[in-house]
Amino acid sequence: MLNHDFLAYTLANPHKLPATYDFMLADHTRVDIWDTGVIVFTPANASKDIVLSCAVHGNETAPIEICNQLIKDLLSQRIVAKQRVLFLIGNPAAIINQTRFIDENMNRLFSGAHSKGEGLTHPERHRAKALEKYVADFFTANSDRQRIHYDLHTAIRASKHEKFAIYPYRPGRAYSSEQIMFLAECGVDTLLFHHEPTTTFSYYSSEQFQADAFTVELGKVMPFGQNDMSRFSQTHTMLEKLITHTNLPVIEFDSSKVNLYKVSRSINKHFDDFAFSFASDAENFSSFKQGEVLATEGGQQIVVEHSQEAIVFPNANVPIGQRTVLCLVPAPNESIV
Ligand SMILES: O=C(O)CCC(=O)N[C@@H](CCC(=O)O)C(=O)O
Ligand SMILES: [Zn+2]
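The structure presented is a predicted model; accordingly, all values stated were derived computationally and were not measured.

Topic: the packing of helix α2 (residues 61-75) against helix α7 (residues 233-244)
Then, in step 1: At a minimum axis distance of 11 Å, the contact between α2 and α7 shows a crossing angle of 40 degrees. With respect to α7, the axis of α2 lies oblique. Between α2 and α7 lies a crossing of right-handed hand. Together, Ile-66, Gln-69, Leu-70, Asp-73 and Leu-74 of α2 and His-236, Leu-239, Glu-240 and Ile-243 of α7 make up the contact between the two elements.
Then, in step 2: Among the residues forming the contact of α2 with α7, the class breakdown is five nonpolar, two polar and two charged.

As structure tokens, then:
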């Protein structure tokens, strides 16, 4: 049965739990375990419903360690939740495999993509569909609460901005200065405003439930045991405060504390010979000048269109049709309230 180590319990039962559980922590918090890697803490009188997800990519270990420590501290009652929290350990089988995924990148399978196209038997398809349902059940249980979802990741390569967040496309909804400043307090000082709908987990929560949802990149991917956890202490502290405080002070928007970019385009792969022209170890946010060649494929060159474009998440090793890189330009005039 479960002791305080929910990660160990999840990895001992990566596909299915022997049973679902609910119990009380003293008389203050109800705990529900809905599935492998899925645990809810419900205190009385919360004002926020918060989803913290990790391991949507199985080899991104630092977010897993952060979430497991918060869960341990809640279960042992070192800390007491004042807000309702759903923790999701996204892909337990891929954690055991020490890989980004088993058959398919799960962060391309939300908003119904799990049920379209080929590969319907892939384990990530079933898990993405199940995770959608858990998030839907969690958020729709209350209609009067602030809804927050931080989908925690680490990136494949080094980055000029170590910690950054992707703000999913949200037409007609202003960006939240409160959220941007909270993330800055977490040490996540760089925001990318996405320009189109995607099939990521954070877009799902944002679009379906109007959650303040973000993909949050906390550093470079490392195997278990090799994370310098001191680099995550600011984030850990702020997430703990978010969960355990009734109210957090709202910090006034200060543009000098954040770097704001918007996605100018997503370059998708059309041919097997897609190749980048820049160094294979180029950092995220490396910037290129107008006319410079970013990539080649099918005998064509893909060149920088704006006076400068920065790149993030370059990965030529993706299936045809998927994103190889996001191009970014500065975003000084976004609507932030
Ligand atoms: O480092 C990389 O190349 C990928 C890191 C990562 O997993 N990023 C997310 C971003 C999701 C988003 O665009 O909101 C992903 O690619 O799924
Ligand atoms: Zn990731």
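From this point, the narrative continues.
Comments concerning the side chain of Thr-324
Then, in step 1: Relative to the helices and strands, Thr-324 is located in strand β16 (residues 323-330).
Then, in step 2: With sequence-adjacent residues up to four places away left out, Thr-324 is seen in contact with Ile-267, Asn-268, Lys-269, Phe-274, Phe-276, Phe-313, Pro-314, Asn-315 and Val-318.

Observations regarding the site of ligand 1
Then, in step 1: The full set close to ligand 1 counts 14 residues, and Asn-107, Arg-108, Ile-156, Thr-215 and Glu-217 are the nearest of them.
Then, in step 2: Interatomic distance of 2.7 Å between a side-chain N/O atom of Thr-215 and an oxygen atom of ligand 1.
Then, in step 3: Separating an oxygen atom of ligand 1 from a side-chain N or O atom of Arg-323 is a distance of 2.9 Å.
Then, in step 4: Compared with its free state, where it exposes 420 Å², ligand 1 has 98% of that area covered by protein.
Then, in step 5: At the level of secondary structure, the elements contributing two or more residues to the shell around ligand 1 comprise β6 (146-155) and β9 (212-220).
Then, in step 6: Its residues assigned to classes, the shell around ligand 1 comprises four nonpolar, five polar and five charged.

Digging into the coordination of the zinc ion (ligand 2)
Then, in step 1: Around the zinc ion (ligand 2), the protein contributes the donor atoms His-57 (ND1), Glu-60 (OE), Glu-60 (OE) and His-153 (ND1), at 2.1 to 2.3 Å from the metal centre.
Then, in step 2: The sequence pattern describing where the donors of the zinc ion (ligand 2) fall on their chain is H-x2-E-x92-H. Separated by 96 residues along the polypeptide, His-57 in the loop between β4 (48-54) and α2 and His-153 in strand β6 bring together distant segments of the chain. There is no split in this pair, since His-57 and His-153 are both buried.

Here we look at the pattern of salt bridges
Then, in step 1: Per the stated rule, a full pass over the model turns up 17 salt bridges.
Then, in step 2: With its nearest N and O atoms 3.1 Å apart, the salt bridge here joins Asp-73 to Arg-78.
Then, in step 3: The closest approach of N and O atoms between Glu-334 and Lys-262, which form a salt bridge, is 3.9 Å. Of this pair, Glu-334 sits in the segment after β16 while Lys-262 sits in strand β10 (residues 259-268); the two residues are 72 residues apart in sequence, bridging distant segments of the chain.
Then, in step 4: According to the relative accessible area criterion, Lys-262 is partly exposed, its value standing at 35%.
Then, in step 5: The network of salt bridges with common partners includes Asp-49, Arg-84 and Arg-145.

Procedures and definitions
Residues numbered from 1 in each chain as written. Chains lettered and ligands numbered in written order. Predicted model: local features only at pLDDT ≥ 70, side-chain atom pairs only at ≥ 80, totals over all residues. Heavy atoms only, no water. Axes fitted to C-alpha atoms, helices over the stretch in contact; angles between N-to-C directions. Helix = DSSP H or I, 4+ residues; strand = E, 2+ residues; numbered from the N terminus. Parallel < 35°, antiparallel > 145°, perpendicular 65-115°, else oblique. Left-handed = near helix turned anticlockwise from the far one by under 90°. Contact = heavy atoms within 4.5 Å. Nonpolar A, V, L, I, M, F, W, Y, C, P; charged D, E, K, R; others polar. Near = heavy atom within 4 Å. Polar contact = N/O pair within 3.5 Å; in protein donor to acceptor, adjacent residues only side chain to side chain. Areas by Shrake-Rupley, 256 points an atom, 1.4 Å probe, with all protein chains shown as cover. Donors = N, O, S within 2.8 Å, 3.2 Å for Na, K, Ca; no water. Buried < 20%, exposed > 50% of the residue type's maximum accessible area, 1.4 Å probe, protein only. Salt bridge = Lys/Arg side-chain N within 4 Å of Asp/Glu carboxyl O.

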